[in-house]
Amino acid sequence: MSLDVSSREPVELLSTRDRTLDAVDKSNRLSSTKTGGKMVAEYWENIFTAKERGKHVVWYNGTALNPIFQAAGLEWCHGEAFSARLAAMHLEGPAQAAGEEYGYIGELCSYARTHLGCAVMTQKGITEKQNGIVGMVDQEELASKLPSPDFFVNAYAGCSTGQQWDAMTYRVFGKEFPIFNVSLPMIWGNKKDAGYLRGSEWEKTPLYVEEQLKKLIEFIEYQTKRPFDWDALSENMFYIKRASELRLEAMALCAAAPTPATYWDWVASIAPINFMPANQALVDYFQGVKDEIQYRLDNTISAVQNEKYRVYFDGIMNWNKLGWLTRKFAEYDVAVVAGRYTHDSFWQEPQLIDLDRPLLGMAQHYLICPINHGLKIMEELLIKRCDEYGIDGIAFHSTRTCRAMTNPQHILARTAETERGIKSFFFEGDVADAAFYKDESLESGLVAMLESIDMQRSRALV
Amino acid sequence: MAESGAANWFVMGVDLGSTTAKVAIVDAAGAMVGSKIVQMGAVSREAVRVAMESALEDAGITQDDIVRTISTGYGRKLVPSDKTFTEITCHARGAAALFPGVRLVIDIGGQDSKAIAVDSDGLVDRFAMNDRCASGTGRFFDVLSRALEVPIGEVGDLAMAGSNELEVSSMCATFAETEVISLLAQGAETADIAASVHKAVAARTLGLVAQVGKASPVVMTGGVAKNRALVHFLSEALRLPIEMLDEPQIAGAYGAAIIAREEHLGNVALAAADDATATQFAAGLADAVPHCADCDGQLGLHTNHGPVPVTIATRPMVGARSGGREL
């Protein structure tokens, strides 16, 4: 070895957005998810023209109320979904700047402040039309293309920002459009009989939510001046149930090692299951994903070259860094196989959906949002996933502006260590603000965890 | 200098931090026979070269006597070495070797701070790092000394002479400077400001410790460990004594050298590619990371998971890093 250090490459200090990993890409993403990308792009393009087509538009956040909206013949704009899309496309800047100009500071949930920025831009667009002055908002900016709402529906589980966010959006539009609020209580899980999908609390709370959903439908009927199509709702839930079953069956195949698909593939599949129209195309999408995974299993094709560690991801996705993180973890022979955000969300208990009484199953799903449980249930779910997927370590994405997701993380880390000897690390980032991510921090934590796992394994050999 | 005939091979640990390069040389018996700490600017490659040359000179050997080098620290990828390890692993190993029995290592360097829970074998049990904010790091104290117009080496002594009753609300390095200037403008004594800032940093470090669990004995490593005021206030906050090393900055490099020695001796050999080793490795895994065999890779609905060992069939990737099994 030489002492000559002049030939070594300097440390790269550029933003991760401006550079790519030097290492060979060892990830092998599913190709079938590209279909989902196309579906989502078409969905948004369609939304942008809703007003021209004379459609009623509803803005909402959080909970997947879209089957109700679809049955009512509405067009729906999901706030986080659009913020995530902007961030994934690295186009969140104009919206966040607009939000900041309006007074929403960087410590506020970046989903919310991105979407509020979109609201500000959309509202400016309305003002332009009223004033006859054009050009105030650059219509080429994707962030400014959302159609203005006819009304808002707020139904946010486990996150106080969710309610305030809709309340603020309502005010951005001058309180001119009505808002309906569905209250989703937290599932505390602290009674003696409590647990995931069991106990007296679980039996009662969904009934309360189901009643509110009936009221929501009355509100929608009043707004649209049309009777609600209950058959259409059952049909929508039929497609969602089937899509969800296929999604879960495909996820279950990833318990195999090496895994044929990773958490990042499930992140790419969030939009379809979360807010795409419920129809045969949705079912076909998840059938395609499952088929590709089965093909990979049959032909020993792994999602990460040389899988050596199986990691669970806790935290909301860092949408700015989806591709980056996919490659980054794979570079270290890490297959991220499951996560709280992907595996404990999005119609994850399809057996609860009764097509003859769809609102109850929907209410139940709205309550099992992964940030809406007490700690006891979160611990139960975490250990269950770790066992199912043979988890070696946990990456806790300390989502800077999402307190709801990060609050329990340190206790969950301790639980995994105590109950299963599973190592973990934390790294900072955010859902839609790349400024909070620091690559060195992720790398140090990840590698230190892998070193601990190596040591754990080599000790077991002695 | 290494004793003649005491050992015929040596290993080197290099810790390139954000502000300082540290090198430790260990002989075959595990004794540190040479070391050097050099401060020459941010992530300085020149500092590495000087530190390596000086440490070799200190040990009385040449580069040809070094059989393995491991680098660590913020700039570890810049260092010519056989392998890199994180400073978390290296500081834990170094601290455990320098202070046997240690259970909690607090490493505060120029750029970051860490709390590391160490097990009875001196290996990392849990760790927590500061976020990307420079609060509580060496950088933070640089900012404080600049604002107070006191040399960095004297800011700790100044703090020990003051009262810590002032409220310092901001822990952001940039905002803290503003706040310090504001306190000065209000007529506060520099010693009181220094003491209050040190107390606030100690409180923040306590939060880091809470993430891994308080344990003793506690050892501080990194350059900030030389700040006696911070050690004092942190000890008060922890309600535990903090053990001091003779040279806290060398712990990471020493830990890297210890790992280099173990690797050279084959004590931490990775699983080999052959099936026999893979089987043995998997059996070891079963003890180390138990999983629920009832699930056996299936997403069943049962919730009563037991700590049942995993089997080789569910984890066929072992040995793959050695380029062994193709799956």
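Residues numbered from 1 in each chain as written. Chains lettered and ligands numbered in written order. Predicted model: local features only at pLDDT ≥ 70, side-chain atom pairs only at ≥ 80, totals over all residues. Heavy atoms only, no water.

Tallying secondary structure elements over chain B gives 9 helices and 10 strands in all. For chain B, the proportion of its 327 residues judged to be buried stands at 55%. If you take every contact in chain B between residues at least 6 apart in sequence, the share linking residues at least 24 apart comes to 64%. Here chain B displays about 13300 Å² of accessible surface, and carbon together with sulfur accounts for 48% of that area. (Helix = DSSP H or I, 4+ residues; strand = E, 2+ residues; numbered from the N terminus. Buried < 20%, exposed > 50% of the residue type's maximum accessible area, 1.4 Å probe, protein only. Contact = heavy atoms within 4.5 Å. Areas by Shrake-Rupley, 256 points an atom, 1.4 Å probe, with all protein chains shown as cover.)

Check the secondary structure of chain A and you find 18 helices and 8 strands. Principal axes of the C-alpha set define a box for chain A whose edges measure 75 × 55 × 40 Å. Contacts spanning at least 24 positions in sequence make up 79% of the contacts within chain A whose residues lie at least 6 apart. When the accessible area of chain A is evaluated, it comes to approximately 16900 Å², of which 52% is carbon and sulfur surface.

Our next topic: the sheet that holds strand β7 (residues 393-399) of chain A. All names here are of chain A. Strands sit in the order β6-β5-β7-β8 across an open sheet of 4 strands; the sheet is parallel. Both edges of this open sheet fall to β6 (334-339) and β8 (423-429), since each of them pairs with a single strand only. Across the sheet, the mean angle separating the axes of adjacent strands is 30 degrees when strand polarity is ignored. With 4 bridges joining them, strand β5 (residues 309-314) and β7 adopt parallel strand pairing. Counted as the bridge partner of Asp314 is Phe396 from β7. Across the face of the sheet, helix α17 (residues 409-420) comes into contact with β5, β7 and β8 while running at roughly 175 degrees to β7. (Pairing = 2+ DSSP bridges. Axes fitted to C-alpha atoms, helices over the stretch in contact; angles between N-to-C directions.)

Turning our eyes to something else, we now look at the packing of helix α3 (residues 138-148) of chain B against helix α6 (residues 190-212) of chain B. All names here are of chain B. Relative orientation of the contacting elements α3 and α6 amounts to 165 degrees, with a least axis distance of 11 Å. With respect to α6, the element α3 is oriented roughly antiparallel. Judged by the sense of rotation from one axis to the other, the crossing of α3 with α6 is right-handed. Residues Phe140, Phe141, Leu144 and Leu148 of α3 lie in contact with α6, whose contacting residues are Thr190, Ile193, Ala194, Val197, His198 and Val201. The residue makeup of the contact of α3 with α6, split by class, is 8 nonpolar, 2 polar and no charged. (Parallel < 35°, antiparallel > 145°, perpendicular 65-115°, else oblique. Left-handed = near helix turned anticlockwise from the far one by under 90°. Nonpolar A, V, L, I, M, F, W, Y, C, P; charged D, E, K, R; others polar.)

This paragraph deals with the nonpolar core. Membership of the largest hydrophobic core comes to 170 residues, with the highest contact counts inside it found for A:Ile68 and A:Leu213. At 10 residues, helix α8 (residues 230-253) of chain A tops the list of elements feeding residues into this core. For A:Ile68, the contacting residues outside a window of four places in its chain are A:Leu213, A:Leu216, A:Ile217, A:Ile220, A:Phe228, A:Leu233, A:Leu359 and A:Met362. The next biggest cluster of nonpolar side chains, apart from the first, holds 42 residues, and it includes B:Leu104, B:Ala176, B:Leu183 and B:Val231. (Core = buried A, V, L, I, M, F, W, Y, C linked by side-chain atoms within 4.5 Å.)

With that settled, consider the packing of aromatic side chains. The way to describe two aromatic rings as a pair is by their centre distance and the angle between their planes. Residues and elements named next belong to chain A. In this structure the tally under the stated criterion is 29 aromatic pairs over all chains. On the numbers, 5.1 Å between centres and 75 degrees between planes, the contact of Tyr43 with Trp44 is edge-to-face. Taken individually, Tyr43 and Trp44 each receive the classification buried, so the pair is uniform in this respect. In textbook terms, an aromatic cluster arises when at least three aromatic residues are bridged by ring pairs, as seen for Tyr263, Trp264, Phe313, Phe329, Phe425, Phe427 and Tyr437. Here the basic side chain of Lys225 rests over the ring of Tyr222, its NZ or CZ set 4.0 Å away from the ring centre. (Phe/Tyr/Trp six-rings, centres within 6.5 Å; stacked < 30°, edge-to-face > 60°. Lys NZ or Arg CZ within 6 Å of the ring centre and 35° of its normal.)

Turning our eyes to something else, we now look at α17(A). Residues and elements named next belong to chain A. Its 12 residues give α17 an end-to-end C-alpha distance of 16 Å, which sits within 8% of 16 Å, the value for a rise of 1.5 Å per residue. Of all the positions in α17, only Gln409, Leu412, Ala413, Thr415, Ala416, Glu417 and Arg420 are classed as buried. Once α17 ends, the next one or two residues include Gly421, with phi positive near 65 degrees. (Expected span 1.5 Å × (residues − 1).)

Moving on to the sheet that holds strand β1 (residues 10-16) of chain B. Residue and element names in this part refer to chain B. Spatial ordering of the open sheet is given by β3-β2-β1-β4-β5, a layout of 5 strands whose pairing is mixed. Two strands in the sheet have a free side with no partner beyond their single neighbour: β3 (32-39) and β5 (83-84). Pairing analysis gives 2 bridges linking strand β4 (residues 66-72) to β5, with the strands arranged parallel. Residue pairing across strands places Ile70 opposite Lys83, the latter belonging to β5. Across the sheet, helix α1 (residues 45-59) touches β1, β2 (20-27), β3 and β4, and the angle it forms with β3 is around 150 degrees.

Right, let's talk about α6(B) for a bit. For α6(B), built from 23 residues, the straight-helix expectation of 33 Å at 1.5 Å per residue is met to within 8% by its first-to-last C-alpha distance of 34 Å. B:Gly213 occupies a position one or two residues after α6(B) and carries a positive phi of about 100 degrees.

Attention now moves to the environment of B:Val209. By secondary structure assignment, the location of B:Val209 is in helix α6. Classification of B:Val209 as buried rests on a relative accessible area of 1%.

This part takes up empty space enclosed by the protein. Applying the stated criterion across every chain, the model contains 6 cavities of 30 Å³ or more. Here the largest cavity is characterised by a volume of approximately 180 Å³. Looking at the largest cavity, it is lined by 17 residues, and the ones nearest its centre are A:Ala413, A:Ser424, B:Arg126, B:Phe127 and B:Gln211. Contributions of two or more residues to the lining of the largest cavity are made by α17 and β8 of chain A together with β8 (124-129) and α6 of chain B. Of the residues forming the lining of the largest cavity, the biggest block, 5 residues, is contributed by β8(B). In terms of residue class, the lining of the largest cavity is made up of 8 nonpolar, 4 polar and 5 charged. (1 Å grid on protein atoms, 1.4 Å probe; cavity = no way out; pocket = protein on both sides within 12 Å on 5 of 7 lines; lining within 4 Å. Points joined across faces, edges and corners; volume = space filled by probe spheres on them.)

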